[in-house]
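The chain contents come next:
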Amino acid sequence: MNIMNQNEEQKLEHFKGQSRLPKFATPHRYDLALKPNLELCNFSGSVLVDLSILESTRFLVLNSIDLVITESSFTDSNNHKVVPSEVVVDNDAEMLVLVFEAPLGVGEGALEINFTGILNEHMKGFYKGTYVDGVRKNMAVTQFEPADARRCFPCWDEPALKATFKITADNIPSQLTALSNMPVSKETINGDYKTICFEETPIMSTYLVAVVIGLFDYIEETTADGVRVRAYCPVDKSEKGKLALSISIKALELYTKYFSMPYTLPKLDMVAVPDFSGGAMENYGLITFRETELLHDNLHSAATNIQRLSIVVTHEVGHQWFGNLVTMEWWTHLWLNEGFATWVSYLATDVLFPEWRIWTQFLEVTAGGLRIDSLEQSHPVEVEVENASSVLEVFDAISYKKGSSLVRMLKEYLGDEIFQKSLSSYMKKYAFKNAKTEDLWSVLTEESGFEVNKLMDIWTKQTGYPLIHVRFENNNLEFVQTRFMSLELQSEGQWIVPITLSLGSYNNHKKFVLETKVGKLDLSELYHSYYTSLKQDGNEIDEKMWVKVNIGHTGFYRVKYDSTLTARLRKAIQDKCLSPEDKFGILDDTYALCEAGEESILSLLSLMDLYRDDLDYLVLSRLISVCYNVAKILKDAIYDPWNHLNQFFIDLIISSSEKLGVEPVSGESHLNTMLREEVFMALATFSHKETHEELKKRFQTYINDKNTSVFPVDIRKAAYISIMRTSSALERSDFDSLLKLYREADAVQEKTRILSCIASSPESDIVTEVLNLMFSNEI
């Protein structure tokens, strides 16, 4: 930095430590040229930014980090060019300050900057990836969300400062593919290299700009609206993109109809990136994926892989509306992006694969949100983000899981028709603009006539959620709400809670809003309705009259019943009166209450015993999760209970394994296929001897003959767990075979599956070896 006089220092000091850019200037259009050198892993570039000077200033302040600025100048509307007297880089604030001798006048102008940078190895900004083409070679990828466009080119790197982008990729090896947000407008070959110009984008945020340069094959289809969709896959593996391509085509058409708003770009590319930090990234028109999330392998993709692929693809395609077309104003409102994209991914997947009953599985999303939000370290859905560098902290279960669960709770309360109409109005009103949470509530209020902001502000601005205590007294239900916290912590809180309940039958239900700390509901009307429908005398069936609060577990709260209501609910479970969703909810709530010291462990275990013969995926999957959690808690807490508990857990699920069998049944449901994987993984984890022996025998058959049919993909995780739980330093032949299988596997699904199980050993020497492997360059 050059020496500045005292007067300049004082003015520059104003920008030190600032978390947001000043409002002196706003960009409208970027003309960006990038010239990567894949051999030296660096790049040079130039950017010409058309901008408006909003107030006379001697300073232009924008974002930049890890870039070397080589030249810069500003040209005003009169074509008068000035060069800054100082170029100041504030690495702490990730800002670039251009200081001019004389003030720049209000009006239009163009800022030109030349720069160089490094293709880093941190999978953010403009970074180096690798692919295998006989040997390992370098590729280049961008990952700009939340605030890393500034690592690739100097820019106004805030979501509200939208602009259009004209991108050029230069010095690209002619055999490689270069992709960006828009289609190619011009390609020029110059010997072994080429220059690719892309069409100009619509107005968008910097974090959605993308460039990928690598070696790919692709397959493509076109939507009914003429949108060209491609799946870019590793060379000779384009067929592995067929499922994702099919899902994305259907999702584009579905969202176009649901939001009453067409997809706004002429193309949508999806590309599998070998080195990728997240699951996927919704860059406008160029979605990047971790390979496991985009590629489907007929031989190596389990049912869970297929379901995950659908959720991820529909999530990212949903972002093309929620996030890309309408963008949050600042990272405080990140949940608008992620919560809605998560919710809408289930909406789309349910339409595409109704047999999956995906909305029942959404309860796992809600359970994850409830679990995290019960911790003392939780935060509100709308969290004040002071600095863009801290945004990654809120890419968590609160934004995704709690956010999407609140969307679902609100949708259930307002109704499908009003909710869909409101979202269409919201898209139309804020297309190509930015919005805050309050803007969405305002549209919903206008369409529904219900004060949505009054209900929802508490849920998004306040940490935590309520525990609803329900007591039966003189034909009344009494409700008391407190904040639920795990680990016997205490805290205050009050919410406006949409309560749903059924009495004796799902046909006999009621919903209301609990706005106070304490509430009461007269059951006379529900009693009368129930008795009338059965044409029976009330006294004969009163003891069986169960009450279930939070029907379908769609509300983001927990429920604790008094002893009378608890006994009746447990009888209803025995009599198979309750839906899988409500059985899931009761078990999940009871476990959480036990963990928080509100219920005894014996009460939880006796409830688990009632689920012994349940073969529903949702219920049995949650039962297995609770078994794992109870095992972790009690293994070290009670003197030598382990063998007894292990056998208890095995007894709960062994009959399910016998009914499902080890091998898939022709024509069986997707859910049964997923359930088989979870059941046998649990038996392997709890060291069921016969399961270990059977799966290890099948594994050995597979090692000797990869074409065998006795080792179906959905039992492999269980087999790998069995191998690791029975391996030791002295008996490690199966472990060595598993390592060899990992090293020889071509399918990324199989590699990931092995890695997820390979630390399942009780032997410290084996675990140490695995951890050392994880930190090696091999992984």
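Residues numbered from 1 in each chain as written. Predicted model: local features only at pLDDT ≥ 70, side-chain atom pairs only at ≥ 80, totals over all residues. Heavy atoms only, no water.

1. Focus: the overall build of the chain
Helix and strand content of the chain: 23 helices and 29 strands. The C-alpha radius of gyration of the chain comes to 29 Å, within 12% of the 28 Å expected for a compact globule of 779 residues. If one aligns the C-alpha atoms of the chain with their principal axes, the spans along those axes are about 95 × 65 × 55 Å. When the 779 residues of the chain are sorted by exposure, 58% land in the buried category. Within the chain, contacts between residues separated by at least 24 positions form 69% of all contacts whose residues are at least 6 apart in sequence. When the accessible surface of the chain is split by element, carbon and sulfur atoms take 49% of a total near 32,100 Å². In the chain, which carries 76 positive and 110 negative side-chain charges, the distance between the mean positions of the two groups comes to 3 Å. (Helix = DSSP H or I, 4+ residues; strand = E, 2+ residues; numbered from the N terminus. Rg over C-alpha atoms; globule rule 2.2 N^0.38 Å. Buried < 20%, exposed > 50% of the residue type's maximum accessible area, 1.4 Å probe, protein only. Contact = heavy atoms within 4.5 Å. Areas by Shrake-Rupley, 256 points an atom, 1.4 Å probe, with all protein chains shown as cover. Lys, Arg positive; Asp, Glu negative; His and termini not counted. Charge placed at Lys NZ, Arg CZ, Asp CG, Glu CD.)

2. Re the UniProt feature "active site" (unreviewed entry) in the chain
As recorded in UniProt, the sites labelled "active site" (unreviewed entry) are Glu316. Of note, glutamate 316 is situated in helix H4 (residues 303-319). Each residue touching glutamate 316, except ones within four places of it in the same chain, is listed here: Ala280, Met281, Glu282, Ile287 and Phe289. (UniProt positions renumbered as here; feature names shortened; annotations may be inferred.)

3. Overview of the pairing of strand E26 (residues 509-514)
Taken together, the 6 bridges between strand E25 (residues 497-503) and E26 define a ladder with antiparallel strand orientation. Across the sheet, the residue bridging to serine 502 is histidine 509, located in E26. Hairpin connection of E25 to E26: 5 residues between the antiparallel strands, including glycine 504 at a positive phi of 75°. (Pairing = 2+ DSSP bridges.)

4. Looking at the environment of serine 491
Mapped onto the elements, serine 491 comes out in the loop between strand E24 (476-483) and E25. By relative accessible area, serine 491 is classed as partly exposed at 28%. Expressed as a C-alpha distance, the spacing of serine 491 and lysine 548, which sit 57 residues apart in the sequence, is 26 Å.

5. What to know about the sheet that holds strand E14 (residues 193-198)
Taken together, 8 strands build an open sheet; the order of strands is E5-E4-E8-E2-E1-E11-E14-E13 and the sheet is mixed. Pairing within the sheet leaves two strands with one partner each, and these edge strands are strand E5 (81-82) and strand E13 (184-190). Sheet analysis places strand E4 (residues 67-76) next to strand E8 (residues 107-118), joined by 9 bridges and oriented antiparallel. Within E8, the residue paired with leucine 67 across the bridge is glycine 117.

6. What to know about the UniProt feature "domain: Aminopeptidase N-like N-terminal" (unreviewed entry) in the chain
Per the UniProt record, "domain: Aminopeptidase N-like N-terminal" (unreviewed entry) is annotated on residues 27-208. What you have in residues 27-208 is 0% helix and 63% strand, and the ends, taken at the C-alpha atoms, are 16 Å apart.

7. Some points on the layout of surface pockets
One number sums up the size of the second largest pocket: a volume of about 430 Å³. Contributing to the lining of the second largest pocket are 20 residues, with Leu299, His300, Tyr702, Lys706 and Arg716 lying nearest its centre. Tallied by class, the residues present in the lining of the second largest pocket amount to 8 nonpolar, 5 polar and 7 charged. (1 Å grid on protein atoms, 1.4 Å probe; cavity = no way out; pocket = protein on both sides within 12 Å on 5 of 7 lines; lining within 4 Å. Points joined across faces, edges and corners; volume = space filled by probe spheres on them. Nonpolar A, V, L, I, M, F, W, Y, C, P; charged D, E, K, R; others polar.)

8. Overview of the packing of helix H20 (residues 716-725) against helix H22 (residues 748-757)
With their axes 9 Å apart at the nearest point, H20 and H22 run at an angle of 40° to one another. As summarised for this structure, H20 and H22 are arranged oblique, according to the angle between their axes. Where H20 crosses over H22, the handedness of that crossing is right-handed. Listed contacts from H22 to Arg716, Lys717, Tyr720, Ile721 and Met724 of H20 are Glu750, Arg753, Ile754, Ser756 and Cys757. Tallied by class, the residues present in the contact of H20 with H22 amount to 5 nonpolar, 1 polar and 4 charged. (Axes fitted to C-alpha atoms, helices over the stretch in contact; angles between N-to-C directions. Parallel < 35°, antiparallel > 145°, perpendicular 65-115°, else oblique. Left-handed = near helix turned anticlockwise from the far one by under 90°.)

9. Notes on empty space enclosed by the protein
Sizing a probe to match a water molecule and rolling it over the atoms shows the empty space that remains. Summed over all chains, the structure comprises 4 cavities of 30 Å³ or more. Its boundaries defined by the atoms lining it, the largest cavity holds a volume of some 170 Å³. Along the wall of the largest cavity there are 15 residues; nearest its centre are Val559, Tyr561, Thr566, Ile586 and Thr590. Those elements that place two or more of their residues in the lining of the largest cavity are strand E28 (547-549), strand E29 (558-561), helix H13 (563-574) and helix H14 (580-595).

10. Observations regarding the sheet that holds strand E16 (residues 217-222)
Two strands in a sheet stick together by hydrogen bonds in their backbones, pointing the same way (parallel) or opposite ways (antiparallel). In space, the 5 strands of this open sheet follow the order E16-E17-E18-E20-E19, with mixed pairing throughout. Two strands in the sheet have a free side with no partner beyond their single neighbour: E16 and strand E19 (280-281). Here E16 runs beside strand E17 (residues 228-233); their pairing, made up of 6 bridges, is antiparallel. Along E17, the bridge assignment pairs aspartate 217 with cysteine 233. Sitting on the sheet, H4 is in contact with strand E18 (267-273), E19 and strand E20 (286-290), with an inclination near 150° to E20.

11. Quick notes on the environment of glutamate 376
Relative to the assigned elements, glutamate 376 resides in the loop between helix H6 (358-373) and helix H7 (397-414). The class for glutamate 376 is exposed, based on a relative accessible area of 57%. With 113 residues separating them along the chain, glutamate 376 and leucine 489 place their C-alpha atoms 7.9 Å apart. Aside from chain neighbours lying at most four places away, what touches glutamate 376 is Met485 and Leu489.

12. Considerations on the packing of aromatic side chains
Inspection of the entire model under this criterion finds 40 aromatic pairs. Considering the side-chain rings of tryptophan 459 and tryptophan 495, the 6.3 Å spacing of their centres and the 45° angle between planes classify their relative orientation as tilted. Of this pair, tryptophan 459 sits in helix H10 (residues 452-461) while tryptophan 495 is found in the loop between E24 and E25, placing the two residues 36 residues apart along the sequence. For tryptophan 459, a relative accessible area of 0% gives the class buried. Among the residues examined, tryptophan 495 registers a relative accessible area of 1% and is labelled buried. Where phenylalanine 479 meets phenylalanine 512, the ring centres are 5.5 Å apart and the plane angle is 65°; that geometry is what we call edge-to-face. Of this pair, phenylalanine 479 sits in strand E24 while phenylalanine 512 is found in strand E26, placing the two residues 33 residues apart along the sequence. Cation over ring: lysine 511 sits above tyrosine 413, and NZ or CZ is 5.0 Å from the ring centre. (Phe/Tyr/Trp six-rings, centres within 6.5 Å; stacked < 30°, edge-to-face > 60°. Lys NZ or Arg CZ within 6 Å of the ring centre and 35° of its normal.)

13. Some details on helix H23 (residues 764-774)
Those residues of H23 not exposed but buried are Ile766, Val770 and Leu773. Along H23, the residues classed as buried sweep out an arc of 55° about the axis, all on the same side. Pointing more than 90 degrees away from the buried face of H23 are the exposed residues Ser764, Asp765 and Asn772. Contacts made by the buried residues of H23 are with H20 and helix H21 (733-744). (Arc of directions from axis to C-beta.)

14. Quick notes on the side chain of arginine 58
By the element assignment, arginine 58 lies in strand E3 (residues 57-63). For arginine 58, a relative accessible area of 14% puts it in the buried group. Side-chain polar atoms of arginine 58 contact the backbone oxygen of glutamate 101, separated by 3.2 Å. (Polar contact = N/O pair within 3.5 Å; in protein donor to acceptor, adjacent residues only side chain to side chain.)

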